[in-house]
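What follows is the residue order along each chain.
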Number of protein chains: 4
Amino acid sequence: MKALVYHGPGRRYWDDVPEPTLQDPEDALVRVDAVTICGTDLHILKGDVPTVEAPRILGHEAIGTVLEVGAGVRQVHAGDRVLISCISSCGRCRYCREARYGQCLGGGGWILGHRIDGTQAEQVRVPFADTSTYALPDSVGDEAALMLADILPTSYEVGVTSGAVQPGDVVAIVGAGPIGLAAVITARLLTPSAIVVIDPAPARRDAAKHFGADAALDPSEDVLGVLKELTDGLGADVAIEAVGVPETFEMCTTLVRAGGHVANVGVHGGPATLHLESLWIRDVTVTTGLVDTSTTPTLLRMLASRRLNVDGLVTHRYGLDEMQDAYDVFSRPADTGALKVALFRR
Amino acid sequence: MKALVYHGPGRRYWDDVPEPTLQDPEDALVRVDAVTICGTDLHILKGDVPTVEAPRILGHEAIGTVLEVGAGVRQVHAGDRVLISCISSCGRCRYCREARYGQCLGGGGWILGHRIDGTQAEQVRVPFADTSTYALPDSVGDEAALMLADILPTSYEVGVTSGAVQPGDVVAIVGAGPIGLAAVITARLLTPSAIVVIDPAPARRDAAKHFGADAALDPSEDVLGVLKELTDGLGADVAIEAVGVPETFEMCTTLVRAGGHVANVGVHGGPATLHLESLWIRDVTVTTGLVDTSTTPTLLRMLASRRLNVDGLVTHRYGLDEMQDAYDVFSRPADTGALKVALFRR
Amino acid sequence: MKALVYHGPGRRYWDDVPEPTLQDPEDALVRVDAVTICGTDLHILKGDVPTVEAPRILGHEAIGTVLEVGAGVRQVHAGDRVLISCISSCGRCRYCREARYGQCLGGGGWILGHRIDGTQAEQVRVPFADTSTYALPDSVGDEAALMLADILPTSYEVGVTSGAVQPGDVVAIVGAGPIGLAAVITARLLTPSAIVVIDPAPARRDAAKHFGADAALDPSEDVLGVLKELTDGLGADVAIEAVGVPETFEMCTTLVRAGGHVANVGVHGGPATLHLESLWIRDVTVTTGLVDTSTTPTLLRMLASRRLNVDGLVTHRYGLDEMQDAYDVFSRPADTGALKVALFRR
Amino acid sequence: MKALVYHGPGRRYWDDVPEPTLQDPEDALVRVDAVTICGTDLHILKGDVPTVEAPRILGHEAIGTVLEVGAGVRQVHAGDRVLISCISSCGRCRYCREARYGQCLGGGGWILGHRIDGTQAEQVRVPFADTSTYALPDSVGDEAALMLADILPTSYEVGVTSGAVQPGDVVAIVGAGPIGLAAVITARLLTPSAIVVIDPAPARRDAAKHFGADAALDPSEDVLGVLKELTDGLGADVAIEAVGVPETFEMCTTLVRAGGHVANVGVHGGPATLHLESLWIRDVTVTTGLVDTSTTPTLLRMLASRRLNVDGLVTHRYGLDEMQDAYDVFSRPADTGALKVALFRR
């Protein structure tokens, strides 16, 4: 079959590879019907994620049709249309038993396209199928469902929920890439008084407003001033970091009010400075986290009941065999305007 | 009257000063019966707290007898024996209405010995007396009650509660000064499986064990190894920073398990490095905070019912007029073994 | 001045009474600009609330202009346009310090139109003015603000928040009077997957749909069946009781899923049966409560930012001197279609 | 093999029955080394639990040695010494994924000795072995571990945790049978200011004091008066029902303060009256629940670290073949003083 294979920093190929097979009784073999590319895949290709060993099929987000399941799989059956989530869960370890699946100690966590072969292929082997895939109702289309594989639960759990967004809050979201925009969408589930997005790219600021931000600012503007005006001079109730560089994280810690939350969602490659000399006295909570996908069933229900609208997040569509083109477009968002790209089996 | 007056960095005098008077209908005038010195007072004397303007009477922890109250005071009466807390609360602002008194926007917060004259004097004016003093039952002695003025609620609220200590947790406490030891005492209220204290001073490690630490380690020892052995290899559920320098904060972020909490209690004069390149994926919650003293009534009840035992925290006792000696001893703990010093009206 | 005075069961008069005067330094004297009637006022008139002693001016919801304040009032000034809330708060007692103002031990709680004269008058004395009134921004009109005096915070705090409504939940609301409809409005702040309202009156079911209910059922329909269909057979995540009779409470306990919440908002005059023989094993949480109005500032912010829309709750408008007519209409909702009635100074 | 078999109301026999065999790949076959009897077993024998179909081997609490496991079991191995918990968990359903194992939809929940054969036998088949058994460290003896099979997690989760016991609280526990006494033990993990136990049996009141109750009262005494004296007139912060009859539940609702919690742990056979006419205004939270055993790993850690002391809960010890004698003694606690009885393989 064909697959997008990482052969080391800077080297990705649309290779012929052997079809996967069941290796464990709890595996499912899934035909990929739709798949997307994540910013993390670009990090891997730059060589930033040393835990990825070449050759490795990339990808951790897909929709597919189950071809075959192992003898230990009970709830997933051949023919099922399923969501393949970025997080696998053994279902047995301490973290899985506490619904913290991202930290799975039993062989799960973020493994697809990372420690084992991933979803950017015609077929994929999914371990722990019962607890790592989700049956899709007909009412949820492939494209919307793809948003559930990573960016919706990530922004909702690690940004909105860890940030403790409450009705009436003023929420600052730094970064308006796919994750930041998904944070706008999922923050709105809690009806903040205002969502203020900060991003240097005008097109992304426009996108932020399209998805419901009340204001979208360039970082050079008086962001703190705008937030203070909205909050009787206090600052943001919640600041969500959705970029992954020290500057944006540090900005978040200056935007937040005493008693507020900074929720880091970005993937960081280096340390940031934490200004404890001013923060120690300000009752600030800083959270980090990998998504658990514990909210995936809820978000799926909300997609089905039209409480979540993700139209517009997918900007480019391809056939699966146009994977290299899709990567090209996705990796140059400033030129292409790409948010999420979707590739479909044809 | 006599008072300990800060006249600028390095300059403290036991001065004759005018007696305070009521300035606001919600003030109380209190005769100081017992008072203590805080590490923060030493910071002020070093010039580290520029918001303190000389001349200023220091001190924010005392027990006293009410001499007179303003017309707007309802619950405090002349003759009452009261605790004067480090935090004043206007009772009306947004933060006071949310029980976050430390962040009071109405003229309270940490003001005594900071923005107005404090408690290291024969008398002190206490603003917002109804919501900033606590009537003391006879069953709680002056010395125990003094520990309620700052270190018990600080360690309990900012360390133990913000750190979300739960029964069965393994708790690391970095620093065994008065705040760290109070954190040992108040963490035990939640019955952790183990409390591991880290401090370079052997005497303080002994003190930590006296107050209930299960282990007390020098920072040069394999602290993480000890914690991992107690937690099936995961690391501490909660790490409490009770020193206030970057190294100890950063140590806390390495000791904590995925899904755990770092609660910063220390007063910091400079920034620390936050290693987001490893923390972003680990589901860590970092909290900072100034005490609210919202738990003071509860802690007082527990002192009265003997659920809290603070014997041994006061190592040195003086008359009020021996204030300078008390400062000398308190500022050289390595030589004197001082934890808390108490000064009494005679 | 004129006021609506309760003279015992069944006897209400639009009387000439003396103007109120300041009785305490923390009082404010307020001219009533707009006022409404509550279902509780009807209960009082039936003699159901024996703690109300005749003669008593009724009413606990109003908008007004401050005429005069006592010497102890700091944040409210003559000329201010303020919301007078159904709950007064002394700001000093244990419950007020914990933001549970409805249970105030210091002379507050629900006192207006209950233990002291209320707001259905040309003027009203408001105790504890700093902590019991709320300055209104120009952007919030009188009629919308009136909804903040009781029904919005009551339905939000006692129904939605105590019921722990979460995004994606299926919420059943039993009763579509003003409180039930306000529960529909405020539940939507959390974006449930579905809100199902149950009420025997077709007009109220229509109103429920107007305010955002996804379904509105007669109690004789298969309510549980509808809820199970929405929840894979489990039942409602949250059931909110907004009537106040045993039958509706008991219905709520049958509608809720294992692990769900029943939030009682209704005012009850008699006991209900709790079927512990089936509930003991089902992990159900039942809450009761009087509103604290702790969320009033937040809800006010949301009215100002157009996140809350209360248009349509007021169905009838009168001059203040038409108070008796307003009572007539409000007390016969089945005939008049009345939800909330508003009376304005002219 | 031998087993205690229920043959219908009033009929229990120590029968010869076939040895169990593996029926599912996730089963384990366990040799019973120690087992106990639960009050629920007596209910079954009275015919109170119609979901139990005769003939059925009773028992849902045991310690054993694994004889054999199915092909789908990963973490449990032949030879392991394990705790068999009263709750089985499929690990895959919505409730299991949310750590609410007691409500398992996938074939688990309370099944042992209820819907399938139980532990009062020489061998037992345990479904979902990976997520329904717990490896025991050598440091925890059989007798202490037996207390973990039901009464410790039940009292801790359904009583103490659902009741939201906090340090400093005053806790009333109604009923001093094994569950009530375990509630005393586990409530102490949170260091209440006072624990007041109510039970009519003098011997059980003595036991309550032995396990750490501060007071133990006969229901005819002025229980509310005692609680009010401890709480400035408010009433208990938390009331835990540990009997299972309407009177004790209703007593709990009268003992609790405004803002407090009533946690029902008792197994009820009939309804109780909920006095909403007084409770509606008092901010009371009532919880019910079946244990999830989600805290079993934590409690096990605390037994191992000597933070939990259960000495004295087992009052009578037998050989496994003395099952009928053990039942006789356990079913007449007033005469025998029995709390928990333990039966051991010899």
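Residues numbered from 1 in each chain as written. Chains lettered and ligands numbered in written order. Predicted model: local features only at pLDDT ≥ 70, side-chain atom pairs only at ≥ 80, totals over all residues. Heavy atoms only, no water.

1. Observations concerning the overall build of chain A
Broken down by element type, chain A carries 13 helices and 17 strands. For 346 residues, the compact-globule formula gives about 20 Å, and the C-alpha radius of gyration of chain A, at 20 Å, lands near that figure. When the backbone C-alpha atoms are referred to their principal axes, chain A occupies close to 60 × 45 × 40 Å. Taken across its 346 residues, chain A has 64% of its residues classed as buried. Contacts in chain A between residues at least 24 apart in sequence constitute 70% of all its contacts with a sequence separation of at least 6. Total accessible area on chain A is roughly 11,700 Å²; 49% of this is exposed by carbon and sulfur atoms. Here chain A carries 29 positive and 44 negative side-chain charges, and the mean point of each set is 3 Å from the other. (Helix = DSSP H or I, 4+ residues; strand = E, 2+ residues; numbered from the N terminus. Rg over C-alpha atoms; globule rule 2.2 N^0.38 Å. Buried < 20%, exposed > 50% of the residue type's maximum accessible area, 1.4 Å probe, protein only. Contact = heavy atoms within 4.5 Å. Areas by Shrake-Rupley, 256 points an atom, 1.4 Å probe, with all protein chains shown as cover. Lys, Arg positive; Asp, Glu negative; His and termini not counted. Charge placed at Lys NZ, Arg CZ, Asp CG, Glu CD.)

2. A look at unusual backbone geometry
That bond from Ala 54 of chain B to Pro 55 of chain B is cis: its omega, -10°, falls within 30 degrees of zero. For Pro 55 of chain B, the location among the structural elements is in the loop between α1 (39-46) and β4 (56-57). One non-glycine residue, Asp 232 of chain B, lies in the positive phi region at around 50°. Tracing the chain through its elements places Asp 232 of chain B in the loop between α8 (223-230) and β12 (236-241). Here Asp 232 of chain B falls in the exposed class, since its relative accessible area comes to 78%. One non-glycine residue with positive phi stands out, namely Phe 128 of chain C, at about 50°.

3. Description of the sheet that holds strand β1 (residues 2-6) of chain B
All names here are of chain B. Pairing in this open sheet of three strands is antiparallel, and the strands run β2-β1-β4 from one edge to the other. Of all strands in the sheet, those bounded by a partner on one side alone are β2 (12-16) and β4. Pairing geometry for β1 and β4, over two bridges, is antiparallel. Pairing of Tyr 6 across the sheet is with Arg 56, part of β4. (Pairing = 2+ DSSP bridges.)

4. Here's the deal with the interface of chain D and chain B
Chain D puts 16 residues into the contact, and the matching count from chain B is 16 residues. A buried area of about 1,400 Å², summed over both sides, lies between chain D and chain B, and 47% of it is on carbon and sulfur atoms. Linking chain D with chain B are two salt bridges, by the criterion used here. Two residues, Asp 214 of chain B and Arg 307 of chain D, come together in a salt bridge whose shortest N-O distance is 2.7 Å. For the pair chain D and chain B, the number of links is nine residue pairs in polar contact (both at pLDDT 80 or more). Among the elements that line the side of chain D that touches chain B, the one with the most residues is helix α11 (residues 296-304) of chain D, at three residues. The residue inventory of the side of chain D that touches chain B, partitioned by class, reads seven nonpolar, five polar and four charged. (Buried area = accessible area lost by both parts, 1.4 Å probe. Salt bridge = Lys/Arg side-chain N within 4 Å of Asp/Glu carboxyl O. Polar contact = N/O pair within 3.5 Å; in protein donor to acceptor, adjacent residues only side chain to side chain. Nonpolar A, V, L, I, M, F, W, Y, C, P; charged D, E, K, R; others polar.)

5. Things to note about the nonpolar core
Formed by 204 residues in total, the largest nonpolar core has its most connected members in Ile 240, Met 323 and Leu 343 of chain B together with Ile 240, Met 323 and Leu 343 of chain D. Beyond its immediate chain neighbours, meaning those up to four positions away, Met 323 of chain B contacts Leu 4, Trp 14, Val 35, Ile 37, Gln 120 and Leu 343 of chain B. Membership of the second largest hydrophobic core comes to 203 residues, among which are Ile 44, Trp 110 and Val 184 of chain A together with Cys 90 of chain C. (Core = buried A, V, L, I, M, F, W, Y, C linked by side-chain atoms within 4.5 Å.)

6. Quick look at the interface of chain A and chain B
Taken together, the contacts link 37 residues of chain A with 37 residues of chain B. Of all residues in chain A, Leu 276, Trp 280 and Asp 283 of chain A bury the most surface against chain B, accounting for 21% of the area lost on that side. Counting the contacts that link chain A with chain B gives 23 residue pairs in polar contact (both at pLDDT 80 or more). Breaking the side of chain A that touches chain B down by element, the ones donating at least two residues are α2 (94-97), β13 (256-264), β14 (272-274), α10 (276-279) and β15 (285-287) of chain A. Tallying contributions element by element places β13 of chain A first for the side of chain A that touches chain B, with four residues. Of the residues belonging to the side of chain A that touches chain B, the class tally is 16 nonpolar, 13 polar and eight charged. The pairing of β15 of chain A with strand β15 (residues 285-287) of chain B spans three bridges and is antiparallel. Pairing of Thr 287 of chain A across the sheet is with Thr 285 of chain B, part of β15 of chain B.

7. Digging into the relation of the copies chain D and chain B
Superposition record for chain D on chain B: RMSD 0.0 Å, screw rotation 180°, translation along axis 0.0 Å. What the rotation and shift describe, once combined, is the action of a two-fold rotation axis. Relative to the rotation axis, the closest C-alpha in chain D is found at Leu 190 of chain D, a distance of 2.4 Å. The share of interface residues of chain D whose copies in chain B are also at the interface is 100%, consistent with both copies meeting through the same surface. (Least-squares fit on C-alpha atoms with pLDDT ≥ 70 in both.)

8. Examining the relation of the copies chain A and chain B
Superposing chain A onto chain B requires a rotation of 180° together with a translation of 0.0 Å along the rotation axis, leaving an RMSD of 0.0 Å. A share of 100% of interface residues in chain A that are also interface residues in chain B marks the association as one of identical surfaces.

9. Things to note about the confidence of the model for chain A
Across chain A, the average pLDDT comes to 97, with 100% of residues at or above 70. Among the scores for the predicted complex, ipTM is 0.97 and pTM is 0.97. (pLDDT = per-residue confidence, 0-100.)

10. Focus: the sheet that holds strand β11 (residues 215-217) of chain A
Across the sheet, twelve strands lie side by side as β11(A)-β10(A)-β9(A)-β12(A)-β13(A)-β15(A)-β15(B)-β13(B)-β12(B)-β9(B)-β10(B)-β11(B); this open sheet has mixed pairing. Both edges of this open sheet fall to β11 of chain A together with β11 (215-217) of chain B, since each of them pairs with a single strand only. Averaged over all pairs of adjacent strands, the angle between their axes in this sheet comes to 15°, without regard to strand direction. For strand β9 (residues 170-174) of chain B and strand β10 (residues 194-198) of chain B, the ladder comprises five bridges, and the chain directions are parallel. From the neighbouring strand, Val 171 of chain B faces β10 of chain B, where its bridge partner is Ile 195 of chain B. Contacting β10 and β11 of chain B, helix α7 (residues 202-210) of chain B runs over the sheet at an angle of about 165° to β11 of chain B. (Axes fitted to C-alpha atoms, helices over the stretch in contact; angles between N-to-C directions.)

11. Side note on the side chain of Thr 186 of chain D
Residues and elements named next belong to chain D. With respect to the secondary-structure elements, Thr 186 resides in helix α6 (residues 178-187). Exposure remark for Thr 186: the relative accessible area of 0% places this residue in the buried category. Side-chain polar atoms of Thr 186 contact the backbone oxygen of Ala 182, separated by 2.9 Å. Not counting residues within four places of it along the chain, the set of residues in contact with Thr 186 comprises Leu 152, Ser 155, Tyr 156 and Val 160.

12. Considerations on the side chain of His 60 of chain A
All names here are of chain A. Following the sequence through the fold, His 60 ends up in the loop between β4 (56-57) and β5 (62-69). Relative accessible area serves as the criterion here: at 3%, His 60 is assigned to the buried category. For His 60, the contacting residues outside a window of four places in its chain are Cys 38, Thr 40, Asp 41, Ile 84, Ser 85, Cys 86, Trp 110, Leu 112, Thr 119, Ala 149 and Asp 150.

13. Remarks on the packing of aromatic side chains
Scanning the model with the defined rule gives zero aromatic pairs over all chains in all. Directly above the ring of Tyr 101 of chain C sits Arg 97 of chain B, whose terminal nitrogen or CZ lies 3.7 Å from the centroid. (Phe/Tyr/Trp six-rings, centres within 6.5 Å; stacked < 30°, edge-to-face > 60°. Lys NZ or Arg CZ within 6 Å of the ring centre and 35° of its normal.)

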